[in-house]
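# A closer look at the structure
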Amino acid sequence: MPDIVLDSISRTYGGSVKAVHDLTLTVPDGSFTTLLGPSGCGKTTTLRMIAGLDMPTSGTIYIGDQLAFSLERGRSLPPAKRNLGLVFQSYALWPHLTVAKNITFGLEVQRVDKIETARRLEEVATALQIDNLLSRYTSELSGGQQQRVAIARVLVMRPATLLLDEPLSNLDATLRMDMRVELKRLHKETGATIIYVTHDQLEALTMSTHIALMQSGELQQFAPPLEIYARPANKLAAEFLGNPRINLLDGVIASGCVVCEGLQLTLSPEIAVTEGEKITVGLRAEELRLHPTSSPSWAEAHVTTALPTGSDWYYHIKMNSKTLIVRQNDTPNLQPGDVVYVEAIPNTLKLFDSNGCALIVSSA
Amino acid sequence: MRTIYNRFRIGLTPQRVLSVVFLIALGYLVIFPLFLMAKETFIVHPLERFQIPGSTIGDLTLSHWIRSFVSENSFTFFYRPLLNTLQIAFGLSILALLIGGTLAWLVVRTDIPMKNVITNAAIIPYIMPSWTLALAWIALFKNERIGGDQGIFTALTGISTPDWFAYGLFPITITLALHYFPFGFMLIGGALRNIDAQLEESAELLGASRVATLRRIVIPLVLPAIFSTFLLTFSRGLGTFGTPAFLGGPVREFVLSTSLYANLIGGRPGIGYLAALAMIVLGVLVLYMDHKIIGTRRSYVTISGKGARAGLVALGRWRWPIASILMGSILAVIVVPLGALAIDTFMLRPGLYSWENFTWHYWVGEASLSVGLGTGEPGILRNPELMSALGNTMKLAVVVALITGILGVLVGYAIVRMRGSWVSQALDQLSFLPYLMPSIALGAIFLAMFAVPRWPFPSLHGTFTLLVIACVVSYLPYAVKAGVSAIRQIGPELEEAAIMTGASWWTRMYRVIIPIQKSTYFSGLLLPFISVTRELSLLILLVTPTAQLATTITLRYTDRGWYPYTNGMVLLLVVIVVTCTIMSRRLMGTNIAKGLGG
Ligand SMILES: Nc1ncnc2c1ncn2[C@@H]1O[C@H](COP(=O)(O)OP(=O)(O)O)[C@@H](O)[C@H]1O
Ligand SMILES: [Mg+2]
């Protein structure tokens, strides 16, 4: 089953609300692709357009070799013909049917014979460990169980692509952890392409093979998780991924170096910048190191808060007027008020011009 | 161009197709007849040409307007019925408020015993046909001068009732108030239930007397409900037909609805349709006031629903006496009238209340020109005319309930799924429009509209189809309201989940949408069923002598003074309606009270 291709699709509501704008994206076959972005950025809308429940105002969608949607060519493939399954954020289980009936509904609609239906029901029920719930009504299930039923209902149709809309957002923290693992296992076992929607960056980083980062209806970056983490395409992408939040410092280019608030970073010669240009540097918490003594390219700061987590320490430090967050795993315990010297040792240089675009563009 | 066409073709979803179809159908059945009726007030009809010198049938004329509003006869034709109407509507609303409000306060805010019984009993007067009480009033209080023979009251006491007491505005107002007070009971009861008891308690802690608390705190907070009740009963009062027909007819005291009826069957449709227009205008005015007054009131009345309801007023040693009086009165309003009607059906010679006079004749007797009234009519249960009328009523009730129920779901579906578009709004408002038209005016409209063939219908005059159309349009507002709220509770995702599996629209409707809200839809069927069973005003103009309904034939028998038959028919209807209500409550947990709110 080849890729799903969105070719500059837009969706406008009521003539003015641009829910999705000019989105072009190729979801690789077999990938676990996450649509990531803050609430209201158009993730659900995009997912619904792929599913065929909503129609783009313009643009083209291919699902594999099939043209799924094109206004110009007058084509809109019905959702059921797209060979994909959608798990709704609300699960949308039918309250008047038992779990078993919920799961087999689609098979009945497709007139799959009884024996095959029973076989597939048992198969998904076992896979999702809900075989003891089959005769219950959905109102008698816990949130986690409902979710499994919702997934089973979709899997039983054996879709080539699985669309999941914030599936973990209604679950409590521990259950969420378990489900993450389980979804990854599911991905591996079924071999289906998964398009996963979430606003949780950690979920996206840990589960996906690819992340499509969205903001205000537009695609910001499409790349594997670590690629986005290391080489964000713009300030938005840099800020959205990573916890704690990336430190952004304003600086200028001075003789091959970036200078911000006393902190100096050396630039490799292939980066195209002009002397005196104003830029922003992104430094993640683990890319800063604190020293008790000074050095010319380090900046002086003082600790305002110390937050030990057991394995390492987080410090909020104040450098001139700017507050930075630093992660240390080998420094002796510092106290608030201590004066420290900050060294920048970036794994990857994250420089942004005055428009917020990255100066080093991700290669993927 | 091609994209526009494609957009159209691709976007042809079931809800879009449905809403366009309904929009056209409703426009045809609701808007068009309004224009038609307005037109009729400017046209010379067959019998009218004798009153309008030098005119021929079909001419345009202003004379109906002149005769109604500015001629020496306009007081009889228009102003007197108008004043009577307003007087009755006003009086009955005040009374219904007082009765319903007091009852609501006692049940919600005091420690009165038997709350459940009282609450259930208080709804019954509304479930009975509104004119049951009118007929009962006649059975109880008629006098020999006008009614032919004496009523039960006179027979028992020997006191002859004065005309103003037995007939006319006074009993009309009273009996209607007794029919409509459940509105007040439910609306005000609902509002009282939502008041935070702490508000009351704090007033009492500050030293306010109980009366002062009631006046200064409670009443202002339930004021919106009071206004709602008033306007609701007022608008019902404007359109009501049966009661003024039964109680006003004998003394020739007309209201707009009965004057409309009299003019229409008396060959003066122009003037009749003007009365109908006047009723619609009044209805719209009331609704407008409702929006004006309630709309602004609601915004600043803050009612907290979470307050503890600990603060029940203790009635002390008055608890049981008050409860007994209440139960007694409610029973009196239910049992006495029904009992009076029943007794009348067993008295061979009307007006003579004794065991010797007891008879089964009016229920099961052979046709006879010498026994009892000497009408030549067989007893009710073996009377082919009456039984066929009852059969027609049942048939109509079932057909209308099914069609209205289905339409309610489909229109509701279209409105909810198209939410945010102008089509949805237009449908919503169009389907509400019949609510504003008093049903007799609506009947008049359909009479005017379908007396002649109108594409795609042949002339429907006197047909069952016409009755069905009128009923369906008339009850549509309730059905759509129920449909909308039912569908709104089913999130679109429940349907979309079915779309994803490839279920057709039809499969989605009958396997998902409808089963989920079974009991709601069932009440949606019950309300039109009951309404048809007791419907008089809507259909009185549309039935023909050959195909009567239980209610319309009752009116005809009353005109002839054959009260035992009339009363027996009413009792049968009451039994049917109350049984259906109770059964459906038992079986499906439906609650007719939910559908009343208006
Ligand atoms: N049916 C609709 N009508 C109007 N606006 C909508 C509709 N659906 C979504 N939107 C708007 O489109 C934007 C994107 O919505 P959505 O795709 O649901 O965001 P997300 O799933 O990323 O939270 C939001 O601003 C939302 O208000
Ligand atoms: Mg969403």
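Residues numbered from 1 in each chain as written. Chains lettered and ligands numbered in written order. Predicted model: local features only at pLDDT ≥ 70, side-chain atom pairs only at ≥ 80, totals over all residues. Heavy atoms only, no water.

## Description of the overall build of chain A
The helix and strand inventory of chain A stands at 8 helices and 21 strands. In terms of overall dimensions, chain A has C-alpha extents of about 80 × 50 × 35 Å along its principal axes. By the burial criterion, 53% of the 364 residues in chain A qualify as buried. Partitioning the contacts of chain A with sequence separation of at least 6, the portion at a separation of at least 24 is 65%. (Helix = DSSP H or I, 4+ residues; strand = E, 2+ residues; numbered from the N terminus. Buried < 20%, exposed > 50% of the residue type's maximum accessible area, 1.4 Å probe, protein only. Contact = heavy atoms within 4.5 Å.)

## A short note on the site of ligand 1
All names here are of chain A. In the vicinity of ligand 1, the contacting residues are Tyr13, Ala19, Ser39, Gly40, Cys41, Gly42, Lys43, Thr44 and Thr45. Glycine 42 places a main-chain nitrogen or oxygen 3.0 Å from an oxygen atom of ligand 1. Contacts to ligand 1 include threonine 44, whose side-chain N or O atom sits 2.5 Å from an oxygen atom. Starting from 560 Å² of accessible surface for ligand 1 in isolation, the protein chains cover 58%. Residue contributions to the shell around ligand 1 peak at 3 residues, all from helix H1 (residues 43–51). Grouping the amino acids of the shell around ligand 1 by side-chain chemistry returns 3 nonpolar, 5 polar and 1 charged. (Near = heavy atom within 4 Å. Polar contact = N/O pair within 3.5 Å; in protein donor to acceptor, adjacent residues only side chain to side chain. Areas by Shrake-Rupley, 256 points an atom, 1.4 Å probe, with all protein chains shown as cover. Nonpolar A, V, L, I, M, F, W, Y, C, P; charged D, E, K, R; others polar.)

## Some remarks on the confidence of the model for chain B
Residue and element names in this part refer to chain B. Averaged over chain B, the pLDDT score is 82; the fraction of residues at 70 or greater is 94%. Model confidence for chain B, summarised as mean pLDDT per element, is weakest for helix H27 (residues 592–596) at 46 and strongest for helix H22 (residues 492–500) at 93. This stretch, residues 298–308, has a pLDDT under 50; its non-local contacts, to residues over four places away or in other chains, come to 14 contacts. Taken together, the stretch residues 594–598 has pLDDT below 50 and engages in 10 contacts with residues farther than four places along the chain or on a different chain. Overall fold confidence (pTM) sits at 0.83, and the ipTM for the predicted complex is 0.89. (pLDDT = per-residue confidence, 0-100.)

## Focus: the environment of valine 411 of chain B
Residues and elements named next belong to chain B. Secondary-structure assignment places valine 411 in helix H18 (residues 384–417). In sequence terms valine 411 and glutamine 425 are 14 residues apart; their C-alpha atoms lie 12 Å from each other. Setting aside anything within four residues of it in sequence, one finds valine 411 in contact with Phe22, Leu427 and Val480.

## Considerations on the pairing of strand S11 (residues 218–223) of chain A
Residue and element names in this part refer to chain A. Bridge count between strand S10 (residues 210–215) and S11: 5 bridges; the pairing is antiparallel. Counterpart to glutamine 215 in the pairing with S11 is glutamate 218. Linkage of S10 to S11, two consecutive antiparallel strands, is achieved through a turn of 2 residues, within which serine 216 is found at a positive phi near 50 degrees. (Pairing = 2+ DSSP bridges.)

## Section: a nonpolar patch on the surface
All names here are of chain B. A surface patch of nonpolar side chains, amounting to about 500 Å² of accessible area, comprises Tyr5, Phe8, Leu12, Val17 and Val21. Broken down by secondary-structure element, the contributors of at least two residues to the nonpolar patch are helix H1 (2–10) and helix H2 (14–40). Counting through the fold element by element, valine 21 comes out in helix H2. (Patch = residues over 30% accessible without salt bridge, like charges linked within 9 Å, V, L, I, M, F, W, Y side chains within 5 Å. Salt bridge = Lys/Arg side-chain N within 4 Å of Asp/Glu carboxyl O.)

## As for the sheet that holds strand S1 (residues 4–13) of chain A
All names here are of chain A. A sheet is described by the order of its strands in space; here 5 strands give the open sequence S2-S1-S4-S5-S6, paired in antiparallel fashion. Edge strands, defined here as strands with exactly one partner in the open sheet, are strand S2 (17–27) and strand S6 (75–76). The sheet contacts of H1 involve S1, S2 and strand S4 (58–63), and relative to S1 the element is tilted by about 120 degrees. (Axes fitted to C-alpha atoms, helices over the stretch in contact; angles between N-to-C directions.)

## Some remarks on the pattern of salt bridges
When the charged atoms of two side chains with opposite charge come close together, those side chains can pair. Residues and elements named next belong to chain A. Considering all chains together, one arrives at 21 salt bridges over all chains under this definition. Linking lysine 101 and glutamate 108 is a salt bridge whose minimum nitrogen-to-oxygen distance equals 3.7 Å. Residue arginine 148 pairs with glutamate 182 through a salt bridge whose shortest N-O separation is 2.9 Å. You can see arginine 148 sitting in helix H4 (residues 143–155) and its partner glutamate 182 sitting in helix H5 (residues 173–190), a full 34 residues away along the chain.

## Observations regarding the domain arrangement of chain B
All names here are of chain B. Each domain of chain B was delimited in the assignment, giving domain 1 (13–30 + 382–593) and domain 2 (77–300 + 328–350). Centre-to-centre, using C-alpha coordinates, domain 1 lies 25 Å away from domain 2. Facing 36 residues of domain 1, the contacting portion of domain 2 comprises 36 residues. Carbon and sulfur atoms make up 79% of the area that domain 1 and domain 2 hide from each other, which totals about 3,100 Å². Counting every contact that joins domain 1 to domain 2 gives 0 salt bridges. Remark: the boundary between domain 1 and domain 2 carries 5 residue pairs in polar contact (both at pLDDT 80 or more). Elements that contribute at least two residues to the side of domain 1 that touches domain 2 include exactly helix H19 (422–436), helix H20 (439–450), helix H25 (550–559), helix H26 (563–588) and H27. Ranked by residue count, the leading element in the side of domain 1 that touches domain 2 is H26, at 13 residues. (Domains from an automatic or database assignment. Buried area = accessible area lost by both parts, 1.4 Å probe.)

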